[in-house]
Structure formats: structure tokens, C-alpha cells
Amino acid sequence: MSKVVMLEVKGLTTKYITRFQEDVYAVDHVSLTVEEGRSLGIAGESGCGKSTLALSLMGYYFPPLHYMSGEIIIDGRTITEMEPDDIRREILGTEIAYIPQAAMNALNPTQKVIDFIEDVIQAHDPYKTKKEIYDLARKSFEVLGLPADVLQKYPVELSGGMKQRTVIATSVILSPKVLIADEPSSALDVTSQKMVIKMLKNLMEYGFIKSMIFITHELPLLYNVTDDIMVMYAGQIVEKGTAQEVVFDPLHPYAKGLMGSIIVPEKGLREVELAAIPGVPPNLKNPPAACRFAERCKYVRAECEANPVPLHYVGGGRAYRCILPEKELRDIYAKEARTREVHEHAR
Amino acid sequence: MPDDKKSCLSGSGLTKIFGLGRQKTVAVDHVDFNFYEGEIVSIVGESGSGKTTLAKMLLGLINPTEGEVYFQGQKRDISNQKKKKEYWKSIQAIFQDPYSSYNIFNKIDAVLLDCINMRGGRNLPHAKKVELMTEACSFVSLKFEELTNKYPFELSGGQMQRLMIARIFLLKPKILLADEPTSMIDACSRATILGMLMNLVLETGMTLIFITHDLGLAYYVSDTIYIMERGKFVESGSPDEVILQPKEAYTRRLISDVPKIHEEWDLSTV
């Protein structure tokens, strides 16, 4: 039985044009699908194109970001063919909603929260009365566990975590089909972060949204929040799979490296040595034609720098972008783990 | 901690109260502590628990309302600007936001030269200064030749934070206070920066005071963890004691708030 596909992206490519008329391809042929009721996590280091992908997915481009090619299909509707004004009116907020990292700054300091929500709703439906909006807002705030008196408050009266949750609740008030959350909790401390995450999970459970894309560099968080994880590097997808697969059995050397930098307060953490990946990502103005990770890869070979590397699909939605076969990669990792054990034993 | 360790920074009854009368806020409430030489200490707490206020008092940026700080066993005296400057030779800080930690008009050379001058190297020959700067940069895996004549804002956040560590490497203070040094940096560079800080401590024998809200980080780097709740230290001890066998309910809650990999993350507790 196949589920309804909420968001489908085929070969999306977008670029930035800098002040000096240089092209920077920050999202390079990205394809993904998110089914109803599922969440997709996107991981990667700063500057790998995570946030640009999030912006590009909304189909609404403004300079310096430009659309190049590819399709975005939300619930059967191809939005890449639509006029920007139609997208703004018909798609944003109602079909796809976006929460940036500093979402809390969206609140207007001179407006009460309820007035802010009124503005948001009336932008889409000018005929809704104040009473209807208030009832709708109160109902969704109640369901999401936010106190209803927040509605009558000014943003300065709320804490950072509360502001963030208020904006999230506002952004899903029109029940979008896809929610894109770009680092919604990284400006918050651990306790507020947990409340935000719980709320995002509730959104899905209570049917406010039908699917979610969650972007962060915090892998433990991603692992706990999303069903699937996609790892990006230099504008490309380098690994795709379920959260379990990507975290515990990564195939791509970059994904493997990322997993080595996880820090969690669990027994055994102090014994392992944190492995950081040396070097920096390539400049996307002029990325390497072949494997983009080759320069930093521990297992680099001559063939790596010869041809572009396609994404290999290995079944069950699992994919990785490396010239080495699955088995060989696993053998390499297993051997490494063994030598490490011997070292630790010797110590 | 074995008793033969020398105390580097300690405090007794340290208190900071903001405001007066009914508006009064007790940010730090009679805390006692003893940080030893060459130790990595973490101070962990939520937003608003008083971590940063305590840090500012330790740095001598604000005066405590009550209580004393002892530096290397002596009562700290920073009553005038000259004494303060002298004290700051022994204590340095790295802050959360690398973007606002630099003077935007100073080039990187100037930033590093300043450190050499502060350590009394003003009259060294130029070649020696360059050698020192190159050494400091290579310690944090930056290349001095690539940085010279650049401004700090031309670097990435991770690189800026590493340059900050290069500064500390040149200054070699007795105490380094790091206030959330990695919270604005992505997970991958975070591992690099933590590794560098730990190397720095090993190499120079300084005391590192690490302020964070992330118990995972604290568990990884520290020799001693202090848990701070509403201006008070509620629990302290070795990382294994505090993280694996927490006694206080507050500590248990903080631990449960951090997402984990091998254990279930219980979302029902908020």
C-alpha cells in the first residue's frame, strides 16, 4: 500500500547570483519525496545548502536566490509553474509553511499576539471576522498546550521559547500540508528546545500539518524527531535513508564523519575520541566536477577525482553518493572500528 | 580531585543581587566553589540560572554584592584599573558569539600582535613575532599566511572561534573562561574546537571554566561539573557521578531534556 505523497521534488536546482555576477549553486539537483504523516530531516554542516534548500522548497524566489530547474509538487500541484504572486497567495501558509531559526523575531513588538495572528489570517482570507479568528487561534493554542492568555500579550512579555512556540502555532494555523522547520530550536536552551520539539510532534499527531521537513546540524535531535534523514554536502544529497540507518549505519564517508562528532550525555561518551572532519567544504562558486568530498575524504582514490558521482540507490529509499560499492565501504568501516578497539585496549 | 592540586580560583558566599526592594533579583546566591589548576570545570544550567552573571563576576567585569573571590589562594584585589589589568593577564574569556568578539577595524595580524605585546613581547624582532603567530595559528589548524591582511569578518564563524583560541594560545592565561563557546557553531566544527580547547589545557596547564547548557558537552570535556539552578550550585562532582548517577531532580531533568542516541527521549516530561 502506497501512501499519499505530500511533497515531491525532482532535480531542483537553485543558485545565488552574487554582487559580482558570480553564480553559486547552493542546491544542486536535489530530489526528495515526503509522504503523508512522515517527517524528513536534513543534516549537514554550515554552508552546505540546508537553509537554501528550505527556502527553495517554497517556490517563492527573491534575489539573490534564483530558480534554475526542477519541479516542486505539493499534493499533486506543481508549484514551480505558478506565478510568484499566486504562490504567495495560494501556496505559502496554506500549503507550505516555513519556520526560520529566528522565527520569534517575526512577532511585531507593538502588536498583541492576537493582532499578529489576525494579520496573518486576513492576508489569506480577508473575509474572516475577528471573532472567528480569535476562536480559531484559541482552539489551536489550547490543543497545542499554549496558554490562551498569550494571545492578549505583547511579545516582550513572553520568553524566547514561548515566542518561538507562538510563532510556530501561528504558522500552522491554516493547516499547511508541508511544514519546513529550519533550526527552530537551536537558539533556545535544552528545556525550551524540548518543548518546541514536543509541539512539532504534536502538530503532526493532531493533524495541523501532514508532513514535515526538519533541518538542523544536531544529529541526536534529528534522530529523535524525524523518520528519515538526508545528509547534504556542498549543495548535493550525499546520503538518504531512515533515521536508524543513517545514524547507525552511514555509508557515505562524510555521513560517517558526521556521526563521529555526536556528543550526547550517555555512558561511554568519554571513552570515544571525537572525530572531526578536517578541512572545509569546497567553494560553491566553482565546485569540483567530480566527487565534492574527495578533498577531505580519508578514503580518496584516483578515480574519485575523475567523474561526477551519481547517487546510488540501494533499495528501500536508501541512497548514497560514493564510487565505492556498499560492501567495500562497510568493510573499511569495520576494519577501522577494529583497529580503534585494539588501540583503546592497548591504552 | 586529589588534595595535592593547587587551588586556582575559589569563591565563598559569592552573591549578586540586581535591583532593590521588591524589584530585587538574586542572580547568584551564595555560591562556594574551588577550581583547581589544570582542571576543566563545567558550569551547567538553564537560561536565567545565573551562569553568565557568575562568569562576569569571575572575570571582574561586575562587582559581587557579597562574598569574595580568591585567586591562587590570595584574596582577589581589583580595586583599581591598574590592578584589574594585571588580573586580566591571568584570566581570559571566549564568548558565545565570535562575530561580535572582534574589533571590526583591526586586522587579524593586529589581533594577534596585541596578544604578543600583552605578554611582554613588544620588543621582539618582527621575524620572531611572525613565528609566534604562525605557531599559534597552526595550533588551531589555520594558516597564518592566508589570514594575514584579512579582517576577522572575512572568516567563517568556526574559523573566528578558532582564532580566538589562537589568541588564548599566545596569551597563556592561568584561567580561561569559555561562555557557551560552541553554541553558535555547527556540530562538526564543534568537535574540532572542543578538541583544541582540551589540547590547550593539556599543553599550558591552565584552568578552563566551561559554561554551557548542554550536558553532553559538559560530560565530554570536564573533570568536574557544577549544576546551577536559580543562582545556586545544586550539585557538583565528577562527570560520571553527576551525569550517570544524578542525585538532584533538577539534574535529572536537564539530562532528560537532551536528545540521546541510544536511549529513548521521553517527550512527555515537559
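Residues numbered from 1 in each chain as written. Chains lettered and ligands numbered in written order. Predicted model: local features only at pLDDT ≥ 70, side-chain atom pairs only at ≥ 80, totals over all residues.

Caption draft 1: Spatial organisation of the overall build of chain B. When helices and strands are tallied, chain B shows ten helices and ten strands. Taking 18 Å as the expected radius of gyration for a compact globule of 270 residues, we find that chain B reaches 19 Å, a close match to that expectation. If you line up chain B on its principal axes, its C-alpha atoms span 55 × 45 × 40 Å. Considering chain B as a whole, with its 270 residues, one finds that 42% of them fall into the buried category. Counting contacts in chain B only where the partners sit at least 6 residues apart, residues at least 24 apart contribute 69% of the total. (Helix = DSSP H or I, 4+ residues; strand = E, 2+ residues; numbered from the N terminus. Rg over C-alpha atoms; globule rule 2.2 N^0.38 Å. Buried ≥ 20, exposed ≤ 12 C-beta atoms within 10 Å, placed from the backbone. Contact = placed C-beta atoms within 7 Å.)

Caption draft 2: Representation of the sheet that holds strand β9 (residues 228-233) of chain A within the structure. Residues and elements named next belong to chain A. Here we have eight strands laid out as an open sheet, ordered β6-β7-β8-β3-β9-β10-β12-β11, and mixed in their pairing. Every interior strand has two partners, whereas the edge strands, β6 (96-99) and β11 (312-315), have only one. The sheet shows a mean angle of 20° between the axes of neighbouring strands, direction not considered. The sheet contact formed by β11 and strand β12 (residues 318-320) spans three bridges and is antiparallel. (Pairing = 2+ DSSP bridges. Axes fitted to C-alpha atoms, helices over the stretch in contact; angles between N-to-C directions.)

Caption draft 3: Just helix α6 (residues 157-171) of chain B, in detail. Residues and elements named next belong to chain B. With 15 residues, α6 extends 21 Å between its outermost C-alpha atoms, agreeing within 8% with the 21 Å of an ideal straight helix rising 1.5 Å per residue. The element α6 is largely enclosed, with a buried count of 13 among its 15 residues. Once α6 finishes, K172 follows within two positions and takes phi at roughly 45°, a positive value. (Expected span 1.5 Å × (residues − 1).)

Caption draft 4: Just the interface of chain A and chain B, in detail. Between chain A and chain B, the contact holds 31 residues from the first and 33 residues from the second. At the level of secondary structure, the elements contributing two or more residues to the side of chain A that touches chain B comprise α6 (190-205) and α7 (219-225) of chain A. Here the side of chain A that touches chain B gets seven residues from one element, more than from any other, and that element is α6(A). Partitioning the side of chain A that touches chain B into residue classes produces 17 nonpolar, five polar and nine charged. (Nonpolar A, V, L, I, M, F, W, Y, C, P; charged D, E, K, R; others polar.)

Caption draft 5: Summary view of the nonpolar core. Counting residues in each nonpolar core, the largest one holds 165 residues, and the members touching the most others are A:V231 and B:I209. At nine residues, the largest contribution of residues to this core is made by α6(B). (Core = buried A, V, L, I, M, F, W, Y, C linked by C-beta atoms within 7 Å.)

Caption draft 6: Highlighting helix α3 (residues 113-124) of chain A. Residues and elements named next belong to chain A. With twelve residues, α3 extends 18 Å from end C-alpha to end C-alpha; this agrees with the ideal 16 Å at 1.5 Å per step. Within α3, the full set of buried residues consists of V113, F116 and I117. Seen from one end, α3 has its buried residues packed into an arc of 100°, which puts them on one side. Residues of α3 that are buried sit in contact with α4 (130-143) and α5 (160-171). (Arc of directions from axis to C-beta.)

Caption draft 7: Just the packing of helix α3 (residues 108-118) of chain B against helix α4 (residues 126-139) of chain B, in detail. All names here are of chain B. Where α3 meets α4, the axes come as close as 10 Å, and the angle between the chain directions of the two elements is 110°. In this view, α3 runs roughly perpendicular relative to α4, as classed from their interaxial angle. Between α3 and α4 the crossing geometry is right-handed. Between α3 and α4, the residues in contact are L112, L113 and I116 and K129, L132, M133 and A136, respectively. In the contact of α3 with α4, the residues fall into six nonpolar, no polar and one charged. (Parallel < 35°, antiparallel > 145°, perpendicular 65-115°, else oblique. Left-handed = near helix turned anticlockwise from the far one by under 90°.)

Caption draft 8: Main features of the environment of B:T251. Residues and elements named next belong to chain B. Among the secondary structure elements, T251 is positioned in helix α10 (residues 249-257). Looking at T251, the number of C-beta atoms within 10 Å reads 21, which means it is buried. Sequence-wise, T251 and F139 are 112 residues apart; in three dimensions their C-alpha atoms are separated by 35 Å. Not counting residues up to four positions away in its chain, the partners in contact with T251 are I227, E235, V242 and P246.

Caption draft 9: Examining the pairing of strand β7 (residues 178-182) of chain A more closely. All names here are of chain A. Within β7, five of the five residues are buried, leaving the element largely enclosed by the surrounding structure. As defined by bridge partners, β6 adjoins β7 across four bridges and the pair is classed as parallel. From the neighbouring strand, I99 faces β7, where its bridge partner is A181. Sheet topology places β7 next to strand β8 (residues 211-215); five bridges connect them, and they run parallel. Across the sheet, the residue bridging to A181 is F214, located in β8. The handedness of the β7 to β8 crossover, carried by α6, is right-handed. (Right-handed = clockwise from strand over helix to strand, strands pointing away.)

Caption draft 10: Expanded view of the sheet that holds strand β5 (residues 74-75) of chain B. Residues and elements named next belong to chain B. Read from one edge to the other, the open sheet built from four strands follows the order β2-β1-β4-β5, with strand pairing classed as antiparallel. A single partner strand is all that each edge strand has here, and the edge strands are β2 (25-36) and β5. In this sheet, strand β4 (residues 66-71) lies alongside strand β1 (residues 7-18) in antiparallel orientation, the contact comprising five bridges. Within β4, the position partnered with S12 by the bridge is E68. Contacts between helix α1 (residues 51-59) and the sheet are confined to β1, β2 and β4, with β2 contributing the most and set at about 60° to the helix.

Caption draft 11: Fine view of unusual backbone geometry. Residues A:P63 and A:P64 are joined by a peptide bond in cis, for which omega reads 5°. If you trace the backbone, A:P64 turns up in the loop between α1 (50-57) and β4 (65-74). A positive phi angle, near 45°, is found at A:D75, a position not held by glycine. Counting through the fold element by element, A:D75 comes out in the loop between β4 and β5 (77-78). Judged by the 17 C-beta atoms lying within 10 Å of it, A:D75 falls in the partly exposed class. Backbone geometry places B:E180, a non-glycine residue, at a positive phi of 45°. Tracing the backbone through its elements, the reader meets B:E180 in the loop between β7 (175-179) and α7 (187-204). Its 21 C-beta neighbours within 10 Å are what place B:E180 among the buried residues.

Caption draft 12: Seen up close, the environment of B:T182. All names here are of chain B. Relative to the assigned elements, T182 resides in the loop between β7 and α7. Residues T182 and I94 lie 88 residues apart in sequence; the distance between their C-alpha atoms is 9.9 Å. Every residue in contact with T182, bar those within four places of it in the chain, is listed here: R190, I193, L194 and L217.

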